[in-house]
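A closer look at the structure
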Amino acid sequence: MTVWTPTDDGFADLTSHDTFTAGPPFATFARLRKDDPMHWTDYPAGQGFWSVTRHADILALNGQPDLLSSARGIRIEDQSYEEYLARRTFQETDSPEHMMTRVKVARAFSKPVIAGFEQSIRELCADILDQALERGNFDATREIARQLPMRMLGRIVGLPDEDLPWLVEKGDALIANTDPDFTTHVLDKMTTDEFRMMPFNSPAGAELYVYAKDLMARKAAAGDTSGVLHLILQPGSDGSVMPDHEFRNFFCLLVAAGNDTTRYSIAAGLHALTVQPGLLEQIQSGAVDDTMADEIIRWATPAIYFRRTASRDFDMHGKTVKAGDKVVYWFASGNRDDEAFDRPMQVDLARTPNRHLSFGQGGPHVCLGMWLARLEVRVLFQELARRIRSIEADGEPRFLRSNFVGGIKSLPVRVTLQ
Ligand code: HEM
């Protein structure tokens, strides 16, 4: 049983955000994996790029940060050096700089620390589900998936509850900056360069800049030194302190990364329940508690790609990648590679092992929030399964307009309660 049949003709334009409004072009990815695994694409808006589409190749290259650097940008769009410096976070650096920052906050996101939030997540899920499910039919992305991640992040980072809806809105505008439903400044249609020094080239980045500064001032006045934001401001092993603008970029990264990716994993999982029979019963049985979150996150692949830049020439699959060339790891393709997954176009909640790439596994930038995301997804689906007898589609899902963030932005469903 397949829950997704790609509709692209195998030759989709990967540079076009519009391509992805029908879901990822999996037929194109399958053709590239088979026929042209190191594929060159001309990019009308700038320098062309190489596409890496096979699971094994993504894993191998991501493990060589000295060859493929994050420090020249991680999106397909080109940036000037000046823009890069103004907008970068530690995600756009290489070690040793990258590691020095990452270790400051790694513990706060580690598996044992995050495990301590399980009860808190369960309570939030109960609250969200009880409100949503009693409606009977509703948009599941909006009423369920969108609610949990920011409320949880708020608790970890120490954000006031009353600010969370505003932060969700800004997080959406940042990361979904190519979808007119989420921003008035659509990245590939923008006629101004006013925001080019702001995170995600977005006016929301400018507003979050101001918010982060005020928040830290309020925390300092109250003598509040708890939370991840305080940790990141501590001096590194060489005594250096993160500059002001980089701190605010980090804040934007958290708001963006902690918000949409988990939401779209939940949305993809809910969608799967509506189209692949038997999944709900499997969750209800308790037999897939340890494996389902990873499979839902593989299935979703909310970070469709990340980009690197070659530091020196190298050859692969008969092609020569030159120093300075952009190289794109298409995680969405790697996660559907039948060389790595048995029946990749099916959701198998018991899949073990599950070597998906959704978190950028194998590389030094592997997602910092992965334990949090996994826990949120598991608990949400456990709590949902306890409450409903059935869930079915009540209209067509609508996908985000983005080749970077994969997600169902609107998912009409109908549920019956237990
Ligand atoms: C299912 C949910 C999520 C997915 C699919 C996801 C995906 C990713 C991926 C693919 C990367 C690696 C990027 C690269 O290789 O350049 C990454 C990095 C990162 N993620 Fe996540 N993410 C998720 C949830 C979260 C959450 C909840 C947070 C924070 C609360 C978070 C914070 C970060 C940060 C800070 C980095 C940068 C790490 C570094 O550069 O060392 N993510 N994420």
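Structure report, in brief. (Residues numbered from 1 in each chain as written. Predicted model: local features only at pLDDT ≥ 70, side-chain atom pairs only at ≥ 80, totals over all residues. Heavy atoms only, no water.)

For the chain, the helix and strand inventory stands at 16 helices and twelve strands. Over its C-alpha atoms the chain spans a radius of gyration of 21 Å, differing by no more than 12% from the 22 Å that the globule rule assigns to 418 residues. Taking the contacts inside the chain whose residues are at least 6 apart along the sequence as the reference set, 71% of them involve residues at least 24 apart. In the form shown here, the chain has an accessible surface area of approximately 17,000 Å², with 52% of it arising from carbon and sulfur atoms. Put simply, the chain has 46 plus and 58 minus side-chain charges, and the middle of one group is 2 Å from the middle of the other. (Helix = DSSP H or I, 4+ residues; strand = E, 2+ residues; numbered from the N terminus. Rg over C-alpha atoms; globule rule 2.2 N^0.38 Å. Contact = heavy atoms within 4.5 Å. Areas by Shrake-Rupley, 256 points an atom, 1.4 Å probe, with all protein chains shown as cover. Lys, Arg positive; Asp, Glu negative; His and termini not counted. Charge placed at Lys NZ, Arg CZ, Asp CG, Glu CD.)

Across the interface, helix H6 (residues 118-133) lies against helix H8 (residues 148-157) with an axial gap of 10 Å and an inter-helix angle of 145°. The two elements H6 and H8 cross, and the hand of that crossing is right-handed. Here H6 contributes Ser120, Ile121, Leu124, Cys125, Asp127 and Ile128 to the contact with H8, which in turn contributes Leu148, Arg151, Met152 and Arg155. (Axes fitted to C-alpha atoms, helices over the stretch in contact; angles between N-to-C directions. Left-handed = near helix turned anticlockwise from the far one by under 90°.)

A word on the sheet that holds strand E12 (residues 412-417). The three strands are arranged E4-E12-E9 in an open sheet whose pairing can be described as antiparallel. Of all strands in the sheet, those bounded by a partner on one side alone are strand E4 (137-139) and strand E9 (388-393). On average, each strand axis in the sheet is inclined to that of its neighbour by 30°, with strand direction left out of account. Inspection of the sheet shows E4 paired to E12 by three bridges, in the antiparallel sense. (Pairing = 2+ DSSP bridges.)

A few words on the side chain of Asn249. Within the secondary structure layout, Asn249 lies in helix H12 (residues 244-275). According to the relative accessible area criterion, Asn249 is buried, its value standing at 1%. (Buried < 20%, exposed > 50% of the residue type's maximum accessible area, 1.4 Å probe, protein only.)

So, on to the sheet that holds strand E8 (residues 326-330). In space, the five strands of this open sheet follow the order E1-E2-E8-E5-E3, with mixed pairing throughout. In this open sheet, the two strands that pair with only one neighbour each are strand E1 (38-41) and strand E3 (68-69). Two elements, E3 and strand E5 (residues 305-310), share two bridges in a ladder whose sense is antiparallel. Across the sheet, the residue bridging to Leu68 is Ala310, located in E5.

What follows deals with the site of the ligand. His98, Arg102, Arg308, His365 and Cys367 are the nearest of the 26 residues found near the ligand. In the model, an oxygen atom of the ligand is placed 2.7 Å from a nitrogen or oxygen of the Arg308 side chain. The set of elements that each furnish at least two residues to the shell around the ligand consists of helix H4 (97-106), H12, E5 and helix H16 (370-387). No other element matches H12, which puts six residues into the shell around the ligand. (Near = heavy atom within 4 Å. Polar contact = N/O pair within 3.5 Å; in protein donor to acceptor, adjacent residues only side chain to side chain.)

What follows deals with the layout of surface pockets. Taken as a whole, the second largest pocket spans an internal volume of roughly 270 Å³. Considering the residues around the second largest pocket, the lining is formed by Lys111, Ile114, Ala115, Glu118, Asp289, Asp290, Ala293, Asp294, Trp371, Arg374, Leu375 and Arg378. If you list the elements that add at least two residues to the lining of the second largest pocket, you get helix H5 (111-115), helix H14 (292-300) and H16. Its residues assigned to classes, the lining of the second largest pocket shows five nonpolar, no polar and seven charged. (1 Å grid on protein atoms, 1.4 Å probe; cavity = no way out; pocket = protein on both sides within 12 Å on 5 of 7 lines; lining within 4 Å. Points joined across faces, edges and corners; volume = space filled by probe spheres on them. Nonpolar A, V, L, I, M, F, W, Y, C, P; charged D, E, K, R; others polar.)

Here we take up the coordination of the iron atom of the ligand. A lone protein donor contacts the iron atom of the ligand, and this donor is Cys367 (SG), found at 2.3 Å. Topologically, Cys367 is positioned in the loop between helix H15 (331-334) and H16. (Donors = N, O, S within 2.8 Å, 3.2 Å for Na, K, Ca; no water.)

What follows deals with the packing of aromatic side chains. In this structure the tally under the stated criterion is twelve aromatic pairs. Here Tyr211 and Phe251 contribute two aromatic rings whose centre-to-centre distance is 5.8 Å and whose plane-to-plane angle is 20°, an arrangement assigned as stacked. Residue Tyr211 is located in helix H10 (residues 203-221), and its partner Phe251 is located in helix H12; the two are separated by 40 residues in the primary sequence. Here the aromatic cluster, defined as three or more aromatic residues joined through ring pairs, consists of Phe20, Phe26, Phe29, Tyr305, Phe306, Trp330, Phe331 and Phe404. Here the guanidinium or amino end of Arg298 rests over the ring plane of Phe341, the centre of that ring lying 5.2 Å away. The side chain of Arg374 reaches across the aromatic face of Trp371, ending 4.6 Å from its centre. (Phe/Tyr/Trp six-rings, centres within 6.5 Å; stacked < 30°, edge-to-face > 60°. Lys NZ or Arg CZ within 6 Å of the ring centre and 35° of its normal.)

This part takes up the packing of H6 against H16. Look at H6 against H16: their axes get within 9 Å of each other, and the N-to-C directions meet at 45°. Comparing their axes, H16 and H6 come out oblique. The two elements H6 and H16 meet at a crossing, and its hand is right-handed. Each of Glu118, Ile121, Arg122, Cys125, Ala126, Leu129, Asp130 and Leu133 in H6 lies in contact with H16, whose residues at this interface are Leu372, Leu375, Glu376, Arg378, Val379, Leu380, Gln382, Glu383, Leu384 and Arg387. Partitioning the contact of H6 with H16 into residue classes produces ten nonpolar, one polar and seven charged. (Parallel < 35°, antiparallel > 145°, perpendicular 65-115°, else oblique.)

What follows concerns unusual backbone geometry. Across the junction of Ser95 and Pro96, the peptide omega takes the value 10°, indicating a cis bond. Tracing the chain through its elements places Pro96 in the loop between helix H3 (81-87) and H4. The omega torsion across Thr352 and Pro353 is -10°, close enough to zero to call that bond cis. Looking at the element boundaries, Pro353 is found in the loop between H15 and H16. Even without being a glycine, His317 presents a positive backbone phi close to 50°. Looking at the element boundaries, His317 is found in the loop between strand E6 (314-316) and strand E7 (319-321). You will see that Arg343, though not glycine, has its phi angle at about 45°, which is positive. By the secondary structure assignment, Arg343 is in the loop between H15 and H16.

Across five bridges, the pairing between E9 and E12 is antiparallel. In the strand pairing of E12, Glu392 is matched with Arg414.

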